[in-house]
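# Architecture at a glance
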Amino acid sequence: METYRPRRSVLYIPASNDKALAKIAQLACDAVIIDLEDAVAPADKIAAREKLAGIFAGHPVANHIGRRCEMIVRINALAGEWGADDLLAAASCEPDGILLPKVDTPRDLLEAGDVLDDNFAPDSVKLWAMIETPKALLNIGAIAELGRDPASRLACFVAGTNDLVKETGVMATSDRRYLVPWLMQMVLAARAGGIDMLDGVSNDFRDLEAFAGECTESAAMGFDGKSLIHPAQIEAANRAFAPSTKAVAEARQVKDAFALAENAGKSVIVLNGKMVERLHLAQAEKLLAKAAAIGA
């Protein structure tokens, strides 16, 4: 059974918000993104960066449910005033990942990876990429292909839906009808590159019913999880991106059936009146790994 790292719920926390940072150990999200970019005012950028070392020094080994919360740092754009120093500061903290905004081409990731290599950041420090510009969408296949090369460090895409709306001028409707084609393009590219794909944020964090519906749709579209802006959204995201009890039971049936002596070496078997192939076994094993990782 393959190792699985859940990223159902990924919460942005401003590096400048001490109150929110202090609550990380109590959160049930799979990952947090310590944000140096959009959530931090220009006047506070340097001070927020200088807090990173303290944030990671005090990071708990496990959260309240006994599982370590993945820690990511979103830096400012490397082409801007703060990005280069952000990258060095983040690398020195050895987070699980560094989220790069405004990624347009594979070169943006390769250059960031070179900086990490030159500064001896361990291989465990991965790169995540925001897909939030028209140019990124046009180049997304080539960007995602980096995921097939471990040396690139690329592990995850994050949809930047607010920026895409801003940059393209499409209407931001409640059903996201004008964004869906691009979102599906992101999922397809991520799968081709063997990396995870997170859906963008939902801005109205008070409408949890609408948010839950968006999560359900997002899971059906193939996303691995959703980026969040408020802790109140964690429960719905965790629920939507977790395998159902029925799905887990069916996956166990498939795995157990292929494990029977009479099915050894078979490429296709019949289970409950249906043809089941080894590709279904691979899907079942992946689902069971996910269930085991989240305790489902």
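Since this is a predicted model, take the numbers as computed values, not measurements. (Residues numbered from 1 in each chain as written. Predicted model: local features only at pLDDT ≥ 70, side-chain atom pairs only at ≥ 80, totals over all residues. Heavy atoms only, no water.)

### A few points about the sheet that holds strand β5 (residues 126–131)
- Strand order in this closed barrel of 8 strands is β1-β2-β3-β4-β5-β6-β7-β8, and the pairing throughout is parallel. Between one strand and the next, the sheet's axes are offset by a mean angle of 25 degrees, whatever the strand orientation.
- For strand β3 (residues 70–74) and strand β4 (residues 97–100), the ladder comprises 3 bridges, and the chain directions are parallel. What sits directly across from Arg74, in β4, is Leu99.
- Against the sheet, helix α5 (residues 106–118) makes contact with β4, β5 and β6 (154–159), and its axis sits at roughly 155 degrees relative to β5, the strand it touches most. (Pairing = 2+ DSSP bridges. Helix = DSSP H or I, 4+ residues; strand = E, 2+ residues; numbered from the N terminus. Axes fitted to C-alpha atoms, helices over the stretch in contact; angles between N-to-C directions. Contact = heavy atoms within 4.5 Å.)

### Quick word on the layout of surface pockets
- When its volume is computed, the largest pocket comes out at roughly 570 Å³.
- Lining the largest pocket are 21 residues, and of these Arg7, Ala155, Gly194, Ile195 and Asp196 sit closest to its centre.
- Going through the elements one at a time, β6 and α9 (180–193) are the ones with two or more residues in the lining of the largest pocket.
- A class-by-class count of the residues in the lining of the largest pocket yields 6 nonpolar, 3 polar and 12 charged. (1 Å grid on protein atoms, 1.4 Å probe; cavity = no way out; pocket = protein on both sides within 12 Å on 5 of 7 lines; lining within 4 Å. Points joined across faces, edges and corners; volume = space filled by probe spheres on them. Nonpolar A, V, L, I, M, F, W, Y, C, P; charged D, E, K, R; others polar.)

### A closer look at the side chain of Ser218
- On the secondary structure map, Ser218 appears in helix α10 (residues 208–221).
- For Ser218, a relative accessible area of 0% gives the class buried.
- Residues in contact with Ser218, not counting those within four places in the same chain, are Arg176, Asp199, Phe223, Gly225 and Phe241. (Buried < 20%, exposed > 50% of the residue type's maximum accessible area, 1.4 Å probe, protein only.)

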